[in-house]
Amino acid sequence: MDNFKPRIIIFCCNWCSYAGADLAGVSRLQIAPHFRVIRTMCSGRIEPEFVLKAFQNGVDGVMITGCHPGDCHYISGNYKTIRRYYFLKLLLSEFGVNTKRLKLHFISAGEGIEFQKRVNEFIEEIKKLGSADYAQKE
């Protein structure tokens, strides 16, 4: 497992968390390279099917990031995200996927350090869980 390199997808809303990720990058904050960012206009636009398809295609973890509640540029998109997140947790557990493989965090444009911290923590947690190939055995 020492050589395990997790494959992680991070969905970032355009207005806050993607800008926070960009700030982390331009600030040269150290983040493990085992993730890919998918930018969406709003975290509320992340359909449950996107997350399920990511797991179906073999990712080891999915993180959804968006604006802090009350700060959504689309008024209530992040509240929709919260409801979908808990629905997805339930759905993933029904499919036998460890629910620790899905995370939700609210990160603003000025929180590059927070983005770095949350991503690195998630990567370490996924490394401890191992490959999603083992998800059926968890």
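Scroll up to find the structure this text is about.
Notes on the structure in this doc start here. (Residues numbered from 1 in each chain as written. Predicted model: local features only at pLDDT ≥ 70, side-chain atom pairs only at ≥ 80, totals over all residues. Heavy atoms only, no water.)

A look at the pattern of salt bridges
So, point 1. Applying the stated criterion across every chain, the model contains five salt bridges.
So, point 2. Between Lys127 and Glu124 there is a salt bridge, and its shortest N-O distance comes to 3.9 Å. With Lys127 and Glu124 both in helix α4 (residues 112–129) and three residues apart, this pair spans about one turn of that helix. (Salt bridge = Lys/Arg side-chain N within 4 Å of Asp/Glu carboxyl O. Helix = DSSP H or I, 4+ residues; strand = E, 2+ residues; numbered from the N terminus.)

With respect to the packing of aromatic side chains
Aromatic ring pairs: the centre-centre distance and the angle between the two ring planes describe each pair.
So, point 1. Overall, the coordinates contain two aromatic pairs when judged by the stated rule.
So, point 2. Seen in terms of ring centroids, Tyr85 and Tyr86 are 5.1 Å apart; in terms of plane orientation they differ by 70°. Their pairing is edge-to-face.
So, point 3. Using a relative accessible area of 56% as the deciding quantity, one classes Tyr86 as exposed.
So, point 4. Here Arg39 stacks its cationic end above the ring of Tyr18, 4.4 Å away from the centre of that ring. (Phe/Tyr/Trp six-rings, centres within 6.5 Å; stacked < 30°, edge-to-face > 60°. Buried < 20%, exposed > 50% of the residue type's maximum accessible area, 1.4 Å probe, protein only. Lys NZ or Arg CZ within 6 Å of the ring centre and 35° of its normal.)

Some thoughts on the pairing of strand β1 (residues 8–13)
So, point 1. Across the six residues that make up β1, a large majority, six, are buried.
So, point 2. The two faces of β1 match: Ile8, Ile10 and Cys12 on one face and Ile9, Phe11 and Cys13 on the other face are all buried.
So, point 3. One ladder, built from six bridges, connects β1 with strand β2 (residues 35–40); its direction is parallel. Along β2, the bridge assignment pairs Ile8 with Phe35.
So, point 4. The handedness of the β1 to β2 crossover, carried by helix α1 (residues 17–26), is right-handed. (Pairing = 2+ DSSP bridges. Right-handed = clockwise from strand over helix to strand, strands pointing away.)

So, the side chain of Thr65
So, point 1. Here Thr65 shows up in strand β3 (residues 61–66).
So, point 2. Assessed through its relative accessible area of 0%, Thr65 is described here as buried.
So, point 3. Residues contacting Thr65, with those up to four places away along its chain left out, are Ile10, Phe11, Cys12, Cys13, Ser17, Ser43, His105 and Ile107. (Contact = heavy atoms within 4.5 Å.)

Here's the deal with the sheet that holds strand β4 (residues 102–106)
So, point 1. Pairing is parallel across the open sheet formed by four strands, whose spatial order is β2-β1-β3-β4. Taken across any chain shown, the strands that pair with only one partner, and hence form the sheet edges, are β2 and β4. In this sheet, neighbouring strand axes are inclined to one another by 20° on average, regardless of whether the strands run parallel or antiparallel.
So, point 2. As paired elements, β3 and β4 share five bridges and run parallel to each other. (Axes fitted to C-alpha atoms, helices over the stretch in contact; angles between N-to-C directions.)

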